[in-house]
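Analysis of the macromolecular model
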Amino acid sequence: LKRSRAQELRCVIDGKLLGAPVLSPYGHVFEEDTLKQWLTTCGSVCPITGKPLREEDCRADVTTQQKVLDWVKAARASYKIKKEERRRLRQAEMAEQEDPV
């Protein structure tokens, strides 16, 4: 899985994987709770553009949410495959040590 793909699925404010992504009218995707905190702390301004932004200006981004879910599923599957490969390799090494040729 490409790391750049994972980067685009992270909140630009805190870098965490998006769980409840929202799309700003300027086309930027944020984690909903992180954006709420930003707006409360820093005022009604977009953290990327500096333009005015209110929570109600943003909408849930279900397309990005699905991409995150797909990425997580693929990452888990890849992890399981690699884990199984390492297990088989260890078994083969152990068998080789027990029964040298």
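Okay, so let's go over this structure. (Residues numbered from 1 in each chain as written. Predicted model: local features only at pLDDT ≥ 70, side-chain atom pairs only at ≥ 80, totals over all residues. Heavy atoms only, no water.)

**Some points on the sheet that holds strand β1 (residues 21–23)**
For clarity, the threshold we go by: For two strands to pair, DSSP has to find at least two bridges joining them. Runs of E in the DSSP output that reach at least two residues are strands. Runs of H or I that reach at least four are helices, and both are numbered from the N terminus. Any two residues whose heavy atoms approach within 4.5 Å at even a single point are treated as in contact. Note on geometry: axes are lines fitted to C-alpha atoms, helical ones only across the stretch in contact, with angles between N-to-C directions running from 0 to 180 degrees.
On the basis of which strands lie adjacent, the open sheet formed by 3 strands has the order β2-β1-β3 and antiparallel pairing. With one partner strand each, in any of the chains shown, β2 (29–31) and β3 (59–60) form the two edges of the open sheet. In this structure, β1 lies alongside β3, joined through 2 bridges in antiparallel fashion. Looking at the pairing, Leu23 lines up with Arg59 of β3. Strand contacts of helix α2 (residues 32–42): β1 and β2, with the helix running at about 90 degrees to β2, the strand carrying the most contacts.

**Quick look at helix α3 (residues 62–98)**
As a reminder, the rule being used: By this rule, a helix spans an expected 1.5 Å times one less than how many residues it contains. Buried, partly exposed and exposed residues are distinguished by accessible area as a fraction of the type maximum, computed with a 1.4 Å probe on protein chains only: under 20%, between the cut-offs, and over 50%, respectively.
For α3, which comprises 37 residues, the first-to-last C-alpha distance of 54 Å matches the rise-based estimate of 54 Å (1.5 Å per residue) to within 8%. Among all positions of α3, only Thr64, Val68 and Trp71 are buried.

**Describing the side chain of Thr64**
Note the following rule: For this analysis, a polar contact is any N or O atom pair within 3.5 Å, provided that within protein one partner can donate a hydrogen and the other can accept it, and provided that sequence-adjacent residues contribute only side-chain to side-chain pairs.
Within the element layout of this structure, Thr64 appears in helix α3. Judged by relative accessible area, which is 10%, Thr64 ranks as buried. Within the local environment of Thr64, its side chain forms a polar contact with the side chain of Asp61, the two groups lying 2.7 Å apart. Dropping the residues within four chain positions of it, Thr64 is found in contact with Leu9, Leu18, Pro21 and Val29.

**Here's the deal with the environment of Phe30**
Relative to the assigned elements, Phe30 resides in strand β2. For Phe30, a relative accessible area of 0% corresponds to the buried category. Along the sequence, Phe30 and Val12 sit 18 residues apart, while their C-alpha atoms lie 6.4 Å from each other. Apart from the residues within four sequence positions on either side, Phe30 is in contact with Cys11, Val12, Ile13, Leu18, Ala20, Pro21, Val22, Ser24, Leu35, Cys46, Pro47 and Ile48.

**Observations concerning the environment of Cys46**
Structurally, the position occupied by Cys46 is in the loop between α2 and β3. Taking the C-alpha atoms as reference points, Cys46 and Pro25, separated by 21 residues in sequence, lie 9.8 Å from one another.

**Comments concerning the pattern of salt bridges**
As a reminder of what qualifies: The term salt bridge refers to a side-chain nitrogen of Lys or Arg lying within 4 Å of a carboxyl oxygen of Asp or Glu.
In the structure shown here, the tally under the stated rule is 4 salt bridges. We note a salt bridge from Glu32 to Lys36, for which the minimum N-O separation is 3.7 Å. Within this pair, Glu32 and its partner Lys36 are both found in helix α2, separated by 4 residues, close to a single helical turn. With a closest N to O distance of 2.9 Å, Asp57 and Arg54 form a salt bridge. Residue classification places Asp57 among the partly exposed positions, given a relative accessible area of 29%. Linked through salt bridges whose partners overlap, the residues forming this network are Glu32, Lys36 and Glu55.

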